[in-house]
Amino acid sequence: MPARDPSFAIPGRPERTYPRSGGVEYEGETVFVLTPESDRPDGDLDDLVAAVLEADAYRSGDFMELPMPLYLVRDEGTTDVFRVTVRDGAVRLHVLPETDSEGLRRFYDRLRETSDCEWSVTCRTDFG
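I will try to describe carefully the structure that is included in this document. (Residues numbered from 1 in each chain as written. Predicted model: local features only at pLDDT ≥ 70, side-chain atom pairs only at ≥ 80, totals over all residues. Heavy atoms only, no water.)

### Remarks on the overall build of the chain
Applied cut-off: The way it works is that DSSP assigns letters per residue, a run of H or I at least four long becomes a helix, a run of E at least two long becomes a strand, and they are numbered from the N terminus. Whether a residue is buried, partly exposed or exposed follows from its accessible area with a 1.4 Å probe, protein chains only, as a fraction of its type maximum: under 20%, in between, or over 50%, in that order. By definition, residues are in contact when any of their heavy atoms lie within 4.5 Å.
What the chain contains, in helices and strands, is two helices and eight strands. Helices and strands in the chain line up, N terminus first, as β-β-β-α-β-β-β-β-α-β. Taken across its 128 residues, the chain has 40% of its residues classed as buried. Excluding contacts between residues fewer than 6 apart, the proportion of contacts in the chain whose partners are at least 24 apart in sequence is 59%.

### A closer look at the environment of Leu34
If you trace the backbone, Leu34 turns up in strand β3 (residues 29-36). Look at Leu34 and you get buried, because its relative accessible area is 0%. In the structure, Leu34 is positioned 57 residues away from Val91 in sequence and 5.0 Å away in space, judged by C-alpha atoms.

### Details of the nonpolar core
Applicable threshold: Buried Ala, Val, Leu, Ile, Met, Phe, Trp, Tyr and Cys residues form a nonpolar core when they are joined through side-chain atoms within 4.5 Å.
Counting 26 residues, the largest nonpolar core has Phe32, Leu34, Val84, Val91, Leu93, Phe107 and Trp119 as the members making the most contacts within it. Of all the secondary-structure elements, those providing two or more residues to this core are β3, α1 (42-53), β5 (70-75), β6 (81-87), β7 (90-95), α2 (101-114) and β8 (119-126). Here the element with the most residues in this core is α1; it accounts for five residues. In contact with Leu34, not counting residues within four places along its chain, are Ala90, Val91, Leu93, Tyr108, Leu111, Trp119, Ser120 and Val121.

### So, unusual backbone geometry
At Phe8, a position not held by glycine, the phi torsion is positive, near 60 degrees. One can find Phe8 in the segment before β1 (15-17). For Phe8, a relative accessible area of 1% gives the class buried. Phi angles above zero are rare outside glycine, and Asp88 is one such case at about 55 degrees. Along the polypeptide, Asp88 turns up in the loop between β6 and β7. With relative accessibility at 62%, the residue Asp88 sits in the exposed group.

Written out as structure tokens, the structure reads:
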């Protein structure tokens, strides 16, 4: 359900696994989808996310060659770690095992302060 002042309560966290074949995988998913009130191209949203991440409060990196922006973000104030993606006209905050609500809320607040529009927030989970 959309919320103008979302709580960012996390209904479930993914579980990190390390397959024998190498790498890391996550079982389960919680994603907060931040959608601007007016349609924006993904490039504009990526520029907005980059402006938020350039603030002193974050360490981040775009580590992978993907067809969409993907950032691993650490909020230095809360020490929360989460992923941020931009796709299909929305900014998505992907919860990781060490993510807490405060870091997500701070990112959302900074996004709102940096942009010139209102945002709706929905939470999507997948724990099969």
